Amino acid sequence: MGKVLITGGRVIDPSTNRDGVFDILIERGKIADIQPNIPANGAKPLDARGRLVVPGFIDLHTHLRQPGREDSETLETGLRAAARGGFTAVCAMPNTEPAIDTRGVADFIHQEGQRLGLVAVRAVGAVTKGRQGAELTDFGELFDAGCVALSDDGSPVMDGLLMRRALEYARVFERPIIQHAEDLTLSAGGVAHEGLLSMTLGLPGIPAEAESVMVARDLALAELTSGWLHLAHLSSARSVELVRQAKRRGVHVTCEVTPHHLALTHEAIEGFNTDAKVNPPLRAEQDRLALIEGLRDGTIDCIATDHAPHADWEKDAEFAAAPFGIAGLETALGVCVRTLLEPNHLTWPQLIEKLSVKPAAIANLPGGTLKPGSEANLTLIDPDVSWTVDPQRFLSKCRRSPFVGWTLRGRVTHTIVKGGVVYSGDAES
Amino acid sequence: MPSTATTSRPTATAAWTRRHLLGLRELSADEIRLILNTAASFREISLRPIKKVPALRGQTVVNLFFEPSTRTRTSFELAAKRLSADVMNIAIQASSVAKGETVLDTVRNLEALKVDTIVVRHAAAGVPHLIARHANASIVNAGDGAHEHPTQALLDCFTIQEKLGRIEGLNVSIIGDIGHSRVARSNLWGLTKLGARVTVCGPPTLVPPTIAQLGVRVTHRIEDAIREADVLMLLRIQHERQEAKLVPSIREYRLRYGIDRERLARAKSGVLIMHPGPINRGVELDSSVADGPYSVILDQVTNGLAVRMAVLYLVSGAPEVSEELG
Ligand SMILES: [Zn+2]
Ligand SMILES: [Zn+2]
């Protein structure tokens, strides 16, 4: 790979507290230099004037559906969508068919990812065999295969003793157990946030307590075991408060929130809109505000998409029968700008920290920094351009988004992985 | 109150502009009155020797029932026939849905046959909305999960109006499994829009607390629901509720909330006893009360026909009732 010189952009790298106009020289897939006015010396120039140049986004929570549901998404379509969203690496959730519960399946994901040469993909292995919640997988084998964490996402680990053992045993590998915190006996087949609207629509509700009860249990288990608990997609104010208190006590816990939980409330399901049917469900305005506050004060470590693609025919169904999940990779940045930057909840450097620096640290992936010598994983953003969300134009196979028709500001113009451009907005228009 | 029913022209000022009837939540009080007044005209026709009018001649009405319900289906079927429509009844078993054919597949097949109105019953909330978003036909909700059952509430309103002469200012108590009841929701919308004071009553496990935000009174004591009521509307209590731990036992429910003669004795005289059917005799309603002098349960069935004629007629966009019935 040749030399690339990115010139004149506003470089924001929270990992080195850098924020200013610099040139960046990329050589052999690595960041070679950051200075004002680097001479080209034969490097291929990339004009970034008026753009932001930031460490590439890393998604801790992506469903790519392969193997098993290639009609909904494949590694190729999912990773192309990720590239367009500005992600240079994604963590593939294990609720595939078969689940990522053995080395063979993890190897398949990693080899296919390598072959595609797009966005880096690393598997999240399953905690239990077949994600059945009964027997632990061979943790060591999965971590040896390159899994970055373990999770039964899609389902929680319901059994308290099993969760305790998972947190304990994973300590050997210094990697987190990612819990989809949901007490299934309390969610009890619910399909929407339990509140006035679910009652009005006659839909079985999922109380916020289905999440917070599980969060409380798992925080207690993390405290008991000194294991590393990572909580996926927090949705409720009470959960945020529980994590805040646990962090104060020194519990080893990290957590994430999705752009849709930051931007929307349960009102989005009005009219039985399955494009707003997600799990955990979109909740009340007070929950949404608590999530933003949690992100602001550091209780919530990072933003993850929970990109969960489904085919149209599955979503065009009875609300109760339609699957949970929406496309999230291609709207993440714009929704965060609208929800977090425009109301001044976060600054650009803080947002980049949540989308890149923190998830890189949690997943222990190369990236999250523009320090010379590190892998050249970068995202270039035009912060001022406005665009309207049209799911028909998504690169993901999934066309379902609650943000359809929203006009968002800020768009990725280039995504660069190991020095190579894997997405360029120039190719689009 | 037979007076308005004998003059054929409805008095409501609203014009009907909707293609579908999906629920009462989105209707205005005037729109509800228009349906009731139109129903009054059709009620009168049902008393004539020749009960059929040509209003929907040449149109096709499909009863698309994903959930069995003989009484609602028969009522819609007869209503459509009295309007001279061609009627098709389609009962879809849950098993064929399991084979991979979606609700929309079924509807697309019907649409290919160019039907005009589809009357939909489904065990899942929101299915009529789903179909309305994708179909060219008019959609009438004949009951969707725990969401709405608009024609049931309309016939209930019609019956109350007929028996007591008004709805505004009346105390109506709805008793039973409010949380799972589409009848309760539609009645709550219809009755409150028409000015009734609605009380819902049942054990806390069956009465979602958020319902109070919709302007109804909530009580868990049956005595409070009975005392001031002009109308007692009982809901069917399903045996599944016991399995779902919502009530300790059906017997416990009957002892606490069932309406028998003794409890009825504490009600106002002339109170109306209503039930959407089918009744669990000896559970929510004692037989002696169901069949007693205050019961208007069979009038509800009769009025259901007129209300459904009115609804099918209005959503079809056919010419004004007065011209047609002249
Ligand atoms: Zn999850
Ligand atoms: Zn997920």
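Located above this text is the structure these notes cover.
As the structure is a prediction and not an experimental result, all values here were calculated from the model.

**Here's the deal with the coordination of the zinc ion (ligand 2)**
Residues and elements named next belong to chain A.
Argument step 1. Taken together, H61 (NE2), H63 (NE2), D153 (OD) and D306 (OD) make up the full set of protein donors to the zinc ion (ligand 2), lying 2.1 to 2.3 Å away.
Argument step 2. Of note is the zinc ion (ligand 2), whose four donor atoms meet at the metal with angles of 85 to 168° in an arrangement that counts as irregular.
Argument step 3. Each donor residue of the zinc ion (ligand 2) belongs to the same chain, and together they define the spacing H-x1-H-x89-D-x152-D.
Argument step 4. A relative accessible area of 2% means that D153 is categorised as buried.

**Looking at the interface of chain B and chain A**
Argument step 1. With 23 residues of chain B in contact, the opposing surface of chain A contributes 16 residues.
Argument step 2. Note on chain B versus chain A: buried area summed over both sides is about 1500 Å², and carbon and sulfur give 64% of it.
Argument step 3. Ranking the residues of chain B by area buried against chain A places R25, A125 and T210 of chain B at the top, with a combined share of 27%.
Argument step 4. Linking E270 of chain A and R25 of chain B is a salt bridge whose minimum nitrogen-to-oxygen distance equals 2.7 Å.
Argument step 5. The tally of links between chain B and chain A comes to three residue pairs in polar contact (both at pLDDT 80 or more).
Argument step 6. When residues of the side of chain B that touches chain A are traced back to their parent elements, those giving at least two are α5 (103-112), α6 (127-134) and α8 (182-193) of chain B.
Argument step 7. Ranked by the residues each element gives to the side of chain B that touches chain A, the list is headed by α6 of chain B, at five residues.

**Topic: the sheet that holds strand β1 (residues 60-65) of chain B**
Residue and element names in this part refer to chain B.
Argument step 1. The parallel open sheet is built from four strands, whose spatial order is β2-β1-β3-β4. Across the chains shown, the open sheet's two edge strands, defined by having one partner strand only, are β2 (86-91) and β4 (138-144). Strand-to-strand, the axes of this sheet are offset by a mean angle of 15°, without reference to chain direction.
Argument step 2. For β1 and β2, the ladder comprises six bridges, and the chain directions are parallel. Each residue of the ladder has a partner; that of V62, found in β2, is M88.
Argument step 3. In this fold α6 packs onto β1, β3 (117-122) and β4, with an angle of close to 165° to the strand it touches most, β4.

**Overview of the coordination of the zinc ion (ligand 1)**
Residue and element names in this part refer to chain A.
Argument step 1. Protein-derived coordination of the zinc ion (ligand 1) comes from D153 (OD), H180 (ND1) and H233 (NE2), at a distance range of 2.0 to 2.1 Å.
Argument step 2. All donors to the zinc ion (ligand 1) come from one chain, and their sequence spacing reads D-x26-H-x52-H.
Argument step 3. Between the zinc ion (ligand 1) and the zinc ion (ligand 2) the interatomic distance amounts to 3.4 Å, and D153 serves as a bridging ligand to the pair. Residue D153 is found in the loop between β9 (149-151) and α4 (160-170), and its partner H233 is found in the loop between β13 (229-231) and α8 (237-249); the two are separated by 80 residues along the sequence.

**Section: the pairing of strand β7 (residues 87-92) of chain A**
Residue and element names in this part refer to chain A.
Argument step 1. With respect to burial, β7 is a largely interior element, six of its six residues being buried.
Argument step 2. When strand β6 (residues 57-62) meets β7, the two strands line up parallel, connected through four bridges. Among the inter-strand pairings, I58 is bridged to a residue of β7, identified as A89.
Argument step 3. Regarding topology, helix α1 (residues 75-84) serves as the crossover connection from β6 to the parallel β7, and that connection is right-handed.

Conventions we followed
- Residues numbered from 1 in each chain as written.
- Chains lettered and ligands numbered in written order.
- Predicted model: local features only at pLDDT ≥ 70, side-chain atom pairs only at ≥ 80, totals over all residues.
- Heavy atoms only, no water.
- Donors = N, O, S within 2.8 Å, 3.2 Å for Na, K, Ca; no water.
- Tetrahedral: all angles 85-135°; square planar, octahedral: opposite > 155°, others 65-115°.
- Buried < 20%, exposed > 50% of the residue type's maximum accessible area, 1.4 Å probe, protein only.
- Contact = heavy atoms within 4.5 Å.
- Buried area = accessible area lost by both parts, 1.4 Å probe.
- Salt bridge = Lys/Arg side-chain N within 4 Å of Asp/Glu carboxyl O.
- Polar contact = N/O pair within 3.5 Å; in protein donor to acceptor, adjacent residues only side chain to side chain.
- Helix = DSSP H or I, 4+ residues; strand = E, 2+ residues; numbered from the N terminus.
- Pairing = 2+ DSSP bridges.
- Axes fitted to C-alpha atoms, helices over the stretch in contact; angles between N-to-C directions.
- Right-handed = clockwise from strand over helix to strand, strands pointing away.

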